[in-house]
Amino acid sequence: MTVQDEQLAKRFEADRPRLVALAYRMLGSPAEAHDAVQDAWLRLSGTNTDRIENLSGWLTTTVAHICIDMLRTRTSRREDPLDEPRLPEPLITQESSDPEEQALLADAVGVAMLVVLDTLTPAERLAFVLHDLFQMPFDEIARILNRSSTATRQLASRARRRVRSAPVPDPDMSRQRAVVDAFLTASKNGDLEALVATLAPDIILHAEADGEYVHLRGATTIAERAIAFSFRSEFARPALINGAAGLIVATEDEPIAVMAFTVVNNKIAELDIYADPTRLTMLTPRSSERPDPRPADPCAAMERCPFTG
């Protein structure tokens, strides 16, 4: 590798955390985000960089192009317009110290927002993410989308109205954790009244399990389902899900569910549950420490998710 190549690689690595953060907000998948950024590196490696005046800007534009192509391909593969929605892939951590991971978790981009972003068209998502989250001027976004600046502003405006429906999590992690702990305690005790008290009246639940996608609303409805969770609660341990308080339910090394909580005003406003065995195998916590061992309970792992069953 030449000195020039080494310098280019260093400049790219300096931008990588920001690029991965951008790609994750666009794609809702850590694996796809890393693939998009790696693709950008390959394109950069085959480009005459002497003609690039602003490398960071070039990389941002390139990753944006790659992401919108991936989103359009993803959309075109849906043969049935009535395909069920799918929860975005969460980021599961114990403690975030890696700079790239910190960038992914920055700005409280929780699962609730990603769920809403997934309802946008690729163009709406790109316009919103690049302008509202990464402060790119509309003129530059318009060139990526091959649209007018006015049309691009309208795309971002429509997206913004949709995103406002996503609950904004409480930034205080200790308050988040207190509410999630109260939810877990009430579940363990089978205390319906205490469980309802942890939930916002209009709480929304999204759950995936056994190939099914379930959408529920309302504190009482969700609390009644959560009571069935009590026999599994002893297998729950705390985790950070997209930088917010969450739970991993697992027996030894076999995951049963990942639960992402969005806490607003000391109440759980949204609960997103991953309990589909196929997806759970890909949701491995990023931790340098081995999780606390839990007693094995094969029967618990085989039971249906109480929120979908």
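Residues numbered from 1 in each chain as written. Predicted model: local features only at pLDDT ≥ 70, side-chain atom pairs only at ≥ 80, totals over all residues. Heavy atoms only, no water.

*Asks:* Would you mind going over the environment of Ala 178 with me for this structure?
*Replies:* Locating Ala 178 in the fold gives a position in helix α9 (residues 173-189). On the basis of relative accessible area, Ala 178 is assigned to the partly exposed category, the value being 44%. Each C-alpha atom of the pair Ala 178 and Val 263 lies 10.0 Å from the other, and the pair is 85 residues apart in sequence. (Helix = DSSP H or I, 4+ residues; strand = E, 2+ residues; numbered from the N terminus. Buried < 20%, exposed > 50% of the residue type's maximum accessible area, 1.4 Å probe, protein only.)

*Asks:* Can you walk me through helix α8 (residues 149-163) in this structure?
*Replies:* Think of an α-helix as 3.6 residues a turn; residues three or four steps apart then line up on the same face. For α8, with 15 residues, the first-to-last C-alpha span of 21 Å sits near the 21 Å given by 1.5 Å per residue. Inspection of α8 places Thr 152, Leu 155, Ala 156, Ala 159 and Val 163 among the buried residues, and these make up the whole buried set. Buried residues in α8, looked at end-on, bunch into an arc of 95°, giving them a common side. On its buried face, α8 sits against α5 (111-117), α6 (122-133) and α7 (138-145). (Expected span 1.5 Å × (residues − 1). Arc of directions from axis to C-beta. Contact = heavy atoms within 4.5 Å.)

*Asks:* Would you take a moment to explain the sheet that holds strand β5 (residues 244-251) for this structure?
*Replies:* Two modes of strand pairing occur in sheets, parallel and antiparallel, and in both the strands are linked by backbone hydrogen bonds. Judged by pairing direction, the sheet is mixed, and its seven strands sit side by side in the order β1-β4-β5-β6-β7-β2-β3 without closing on themselves. Of all the strands in the sheet, the pair left with one neighbour each is β1 (92-93) and β3 (212-217). Where β5 meets strand β6 (residues 254-264), six bridges bridge the pair, whose relative direction is antiparallel. Directly across from Ile 248, in β6, lies its bridge partner Val 258. Contacts between α9 and the sheet are confined to β2 (199-209), β4 (236-241), β5, β6 and β7 (267-274), with β5 contributing the most and set at about 40° to the helix. Sheet strands in contact with helix α11 (residues 219-227) are β2 and β3, and its direction is about 50° off that of β2. (Pairing = 2+ DSSP bridges. Axes fitted to C-alpha atoms, helices over the stretch in contact; angles between N-to-C directions.)

*Asks:* Help me out: how do you make sense of the pattern of salt bridges in this one?
*Replies:* When charged atoms on two side chains of opposite charge get close, those side chains can pair. Taken as a whole and assessed by the stated rule, the structure comprises 10 salt bridges. The salt bridge partner of Glu 124 is Arg 158, with a shortest N-O separation of 3.1 Å. Of the two residues, Glu 124 is situated in helix α6 and Arg 158 in helix α8; the sequence distance between them amounts to 34 residues. The exposure class assigned to Glu 124 is buried, which follows from its relative accessible area of 11%. For the salt bridge of Arg 160 with Asp 132, the shortest nitrogen-to-oxygen distance reads 2.6 Å. Residue Arg 160 is found in helix α8, and its partner Asp 132 is found in helix α6; the two are separated by 28 residues along the sequence. Classification of Arg 160 by relative accessible area gives partly exposed; the value is 23%. Residue classification places Asp 132 among the partly exposed residues on the basis of a relative accessible area of 25%. (Salt bridge = Lys/Arg side-chain N within 4 Å of Asp/Glu carboxyl O.)

This is a description of form; function is not addressed.
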